[in-house]
Amino acid sequence: MTSLTDTVPALPQRTLRYVGDRLLAAFGLLAMVLALVSLAALIYDILHDGVPRLSWEFVTSIPSRRAEDAGILTALVGSVYVIALSALIAIPVGIGAAVHLEEYGGRGRLSRIIEINIANLAGVPSIIYGLLGLGLFVRMMGMGPSVLAGACTLGLLVLPVVIISTREALRAVPKSLREASYALGATKWQTTWHQVLPAAFPGILTGLILAVSRAVGETAPLITIGALTYIPFVPSDIFSPFTVLPIQIFNWVSRPQAAFAENAAAGIVVLLGLLLMMNAVAIVLRDRFQKRLS
Amino acid sequence: MRFRVRRLAEFVIERMLFLCAAASILVTLGIVLVLLFETAAFLREVPIGEFLFGTVWTPLFSEKHFGVLPLIGGTLLTSAIAMAVALPAGLLTAIYLSEYAIAPVRRVVRPVLEVLAGVPTVVYGYFALQFVTPLLQGIVPGLAGFNALSPGIVMGIMILPLVSSLSEDALHSVPNGLREGAYALGATRMQTALRVVVPAAFSGISAASILAMSRAVGETMIVAIAAGQQPRLTLDPRVPVETMTAYIVQVSLGDTPAGTLEYRTIFAVGMLLFLSTFSLNLMSIWLRNRFREEYA
C-alpha cells in the first residue's frame, strides 16, 4: 500500500482521514455483530432453558398448578382456533381492500385518506386493539371474553398488515398483463379475477402467512379483552372462554418458581418452532415466485 | 341484456371492494369512539388537571389518586433507554450495510436481523427477566430484580432491525451520483457517508427513528414482564417502574368490573397512549412521503 505520496509532508492528515474511515467501518461492523450476538444469546438462552423440559406430555397435558405436570394443550388448541378464525375475518376484507386501492382506487382524496389511515393503523400499538375489542366486542356486542371476541380483535389487528402486503404483491404484477386482458375486451373485474389475482397469488400468500404469524405471537390485546390465564379444558366452540400459547407463557414467566420459568422456556420453544415453520413456508413460496417472474 | 347484467355485476363488485377499503376507516373510528366514550366518563369523575399533572397513581388502592405522570415517566424512561440502544446501533449497522459491506453480507445479514423483529414480544420479556437482568446485576450495583434498564435495552434490541432496515432503505435510495461526486472531490468513504449520504437521507432516517419511538412507547409485554408494576416517578433506571401499557395489562389481569372508575382508567390511559403514538406515526408518514418525493 506504500506509494510515493506516503512520503510527502501531508502524511499525518492523510492517515488521519483513513483512520476515521476505518473507525466508522469498525463501529458499523461492531454494531451489526452486537445485534447478531443478541439474537444468538436469545436463542441460546431459550433453547438451554426450554429444551430439557420439552416432551410429548408437555404438549398434550392441560395446565396444572404443579409445574412438572403442566402442559400447553389448551393454550395450543386455543391459539389454533383464534388464529384460524381471525384469518377468516381479516383475509377476505384485507384482500378486497387491497384490490380496491390498487386496481380501482384513483388518486382521489378519499383513496389518499384511506391510504394514510391504513399506514397509521399499522402503527397503532396492539394493546389499543385490545381496548377496542374489550369495549366493542366483549362489552357492547356482548360476546364476552370468548374465542370469537379474540378472533375479531386479532382480525382487526392484522387487517392493515394484510392490506399492505397484498398491495405490494398486486403491484408486482406487470401492467402489460392487465392491458392485454383489456385489449381482449375483458372488464375490470374479469381482468382482476382471471389475470391479476392468479399472477399475484404466491406473493399474496406469502404476505398472508407473515401477517398471520404476527397474530400468533400477540399477547397483550388478548389479555386486555380478558382471555383467561388458566383454562383446564379445550375450548369447545367459538363462544367458549380460551387462552393462547403466549398468554400461557406470560402466566408462567410471572411466577417466581424456577420450575415455571422452565415451562415458559419450553412453551417458547414450541411457539418459536411454530413461527419458524410458517416463515419457512413463506420464504419458499417467495423464492418460487421470484424465479417465475424473472 | 347480457351486457347489462355484466355492468351491474361490475358495479356491485366495485362497491363491495370499496366497502372493504372503507372498513379500515371504521376500525380507526371504532378505536377513537370506544376510547373517547370511556375517557369522557372517566373525566366526569376525575378532573383533567388532576389526571394529567398529578404525580401519584394509585387507582387500585383504597386511597385513590389519579395522577398519570408516573406512568408517563415510566414509559418515557424505558423508551429513552430503548432508543439509546437502537438509534446508534441501528444507524451504524445501516451505514455499514449500505456503504461498506459487500453484497453477500448484506443479503444474509438483513433477513437474519429481521428475525429479531419477528420474535414475539413475550419471548423478549422472558429474555429480559431471565437472562439480561441477572447479567446486568453483575455489572450495575443496586439493580433491582425488576427495573427499567433491562427491558429498555431488550426493547432497543427488538426495534433495532426496524431502525436499520428502514434507514438502510433510505441510504440505499440516495442517488449514486451524489456519492460519486463526493469521491471525485477526494472524500473518503466516511466523509461521503457522514457528510453526503446521511444528510441526503435524513428525512428517511428520521421517519424510521420516529416510527421506532412509537413502537417503543406502545410496547407492552417486555415492560409488563420485566419492569415490575410499581408506578413511580423517577429517572433511576435501576428500580421498578410501570409504563402506560403495563398498567393496562395489570388491570386486565385482575377482574375489575366494567363501569367502575378503575375499569375506565385503562381507557383514559389508552387514550393518552393512542394520541402519542398516533401523532408520532403521522409525523413519520409525513417525513417518509417527503423523502420519497425528493428522490422519486
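1. As for the overall build of chain A
The secondary structure content of chain A amounts to 11 helices and zero strands. The N-to-C order of helical and strand elements in chain A reads α-α-α-α-α-α-α-α-α-α-α. What you see for chain A is a C-alpha radius of gyration of 25 Å, clearly larger than the 19 Å of a compact globule of 294 residues, by over 25%. By its C-alpha atoms, chain A is 80 × 65 × 35 Å across when sized along the principal axes. When the 294 residues of chain A are sorted by exposure, 45% land in the buried category. Across chain A, the fraction of contacts at a sequence separation of at least 24, relative to all contacts at a separation of at least 6, is 75%.

2. Things to note about the overall build of chain B
The number of helices and strands found in chain B is 12 helices and zero strands. By principal-axis analysis of the C-alpha atoms, chain B measures approximately 80 × 70 × 35 Å. By residue count, 50% of the 296 residues in chain B fall in the buried class.

3. Some details on the confidence of the model for chain A
Reading predicted coordinates in detail is not appropriate for stretches of low pLDDT. Residues of chain A with pLDDT of at least 70 account for 93%, and the chain-wide mean is 87. Across chain A, element-level confidence peaks in helix 6 (residues 147–171) of chain A with a mean pLDDT of 94 and bottoms out in helix 11 (residues 258–293) of chain A with 84.

4. Remarks on the environment of Ile62(A)
Residues and elements named next belong to chain A. Mapping Ile62 onto the fold places it in the loop between helix 2 (56–60) and helix 3 (73–104). In the structure, Ile62 is positioned 12 residues away from Thr74 in sequence and 5.9 Å away in space, judged by C-alpha atoms. In contact with Ile62, other than residues within four places in its own chain, are Gly71, Leu73, Thr74 and Pro232.

5. Observations concerning the domain arrangement of chain A
All names here are of chain A. Domains assigned within chain A are domain 1 (4–52) and domain 2 (59–293). Placing the centre of domain 1 and that of domain 2 at their C-alpha centroids yields a distance of 37 Å. In terms of residue class, the side of domain 1 that touches domain 2 is built from three nonpolar, one polar and one charged.

6. Here's the deal with the packing of helix 5 (residues 126–140) of chain A against helix 6 of chain A
Residues and elements named next belong to chain A. Remark: helix 5 packs on helix 6, axes separated minimally by 9 Å, with the N-to-C direction vectors making an angle of 135°. Between helix 5 and helix 6, the interaxial angle falls into the category oblique. Pair helix 5 / helix 6 crosses with right-handed handedness. Residues Ser126, Tyr129, Gly130, Leu132, Gly133, Phe137 and Val138 of helix 5 lie in contact with helix 6, whose contacting residues are Ala149, Cys152, Thr153, Leu156 and Leu157. Across the contact of helix 5 with helix 6, the residue classes tally to eight nonpolar, four polar and no charged.

7. As for the interface of chain B and chain A
The interface of chain B with chain A comprises 69 residues on the first partner and 72 residues on the second. In terms of residues, the side of chain B that touches chain A owes the most to one element, helix 1 (residues 2–45) of chain B, which gives 19 residues. Considering only residue class, the side of chain B that touches chain A consists of 47 nonpolar, 17 polar and five charged.

8. Brief notes about the domain arrangement of chain B
By a frequent convention, interface size equals the accessible area lost on bringing the separate parts together. Residues and elements named next belong to chain B. Taken domain by domain, chain B comprises domain 1 (2–45) and domain 2 (69–295). Here the C-alpha centroids of domain 1 and domain 2 sit 32 Å apart. The interface is formed by seven residues belonging to domain 1 together with eight residues belonging to domain 2. In terms of residue class, the side of domain 1 that touches domain 2 is made up of four nonpolar, one polar and two charged.

9. A look at the packing of helix 7 (residues 175–183) of chain A against helix 8 (residues 188–216) of chain A
When two helices pack together, their arrangement is given by the angle between their axes and by how far apart the axes lie. All names here are of chain A. In contact at an axis separation of 10 Å, helix 7 and helix 8 are set at 160° when each is read in the N-to-C sense. With respect to helix 8, the element helix 7 is oriented roughly antiparallel. Relative to helix 8, the crossing made by helix 7 is right-handed. For the pair helix 7 and helix 8, the contacting residues are Leu177, Arg178, Ser181 and Tyr182 in the first and Thr191, Gln195, Val196 and Ala199 in the second.

10. A word on helix 5 of chain A
Residues and elements named next belong to chain A. Taking 1.5 Å as the rise per residue, helix 5 with 15 residues should run 21 Å; its terminal C-alpha atoms sit 20 Å apart, in good agreement. The largest bend in helix 5 is about 35°, located at Gly133. With its phi angle positive at about 70°, Gly142 sits one or two positions after the end of helix 5.

11. Overview of the environment of Leu101(A)
With respect to the secondary-structure elements, Leu101(A) resides in helix 3. Residues in contact with Leu101(A), not counting those within four places in the same chain, are Ser111(A), Ile114(A), Glu115(A), Arg167(A) and Ala21(B).

About the criteria used
The numbers attached to residues start from 1 for each chain and follow its sequence in the written order. Whichever chain is written first is A, and whichever ligand is written first is 1; the rest continue in order. A pLDDT threshold of at least 70 governs which residues receive local features in this predicted model, and a stricter bar of 80 or more applies before side-chain atom pairs are shown or counted, although totals over entire chains, interfaces and linings include all residues. Strands here mean DSSP runs of E at least two residues long; helices mean DSSP runs of H or I at least four residues long; both are numbered from the N terminus. Values of the radius of gyration come from C-alpha atoms, whereas the globule rule sets the reference at 2.2 Å times the count of residues to the power 0.38. Between the buried cut of 20 or more and the exposed cut of 12 or fewer other C-beta atoms within 10 Å of a residue's own C-beta lies the partly exposed class, and all C-beta atoms are placed from the backbone. Working definition of a contact: two residues with C-beta atoms, positioned from the backbone, lying within 7 Å. pLDDT measures how confident the predictor is about each residue, on a scale from 0 to 100. Where each domain begins and ends is defined by an automated method or by a domain database. Put simply, Ala, Val, Leu, Ile, Met, Phe, Trp, Tyr, Cys and Pro go in the nonpolar bin, Asp, Glu, Lys and Arg in the charged bin, and everything else, Gly too, in the polar bin. Every angle, taken between N-to-C directions, lies between 0 and 180 degrees, and every axis is a line fitted to C-alpha atoms, over only the stretch in contact when it is a helix. Note on angle classes: values under 35 degrees are labelled roughly parallel, values over 145 roughly antiparallel, values of 65 to 115 roughly perpendicular, and the remainder oblique. By convention the crossing between two helices is left-handed if the near helix lies anticlockwise of the far one by an angle smaller than a right angle, and right-handed if it lies clockwise. Every helix has an expected span of 1.5 Å times one less than the residues it contains. Throughout, the bend at a residue refers to the angle made by two axes, fitted to the seven residues ending there and to the seven starting there.

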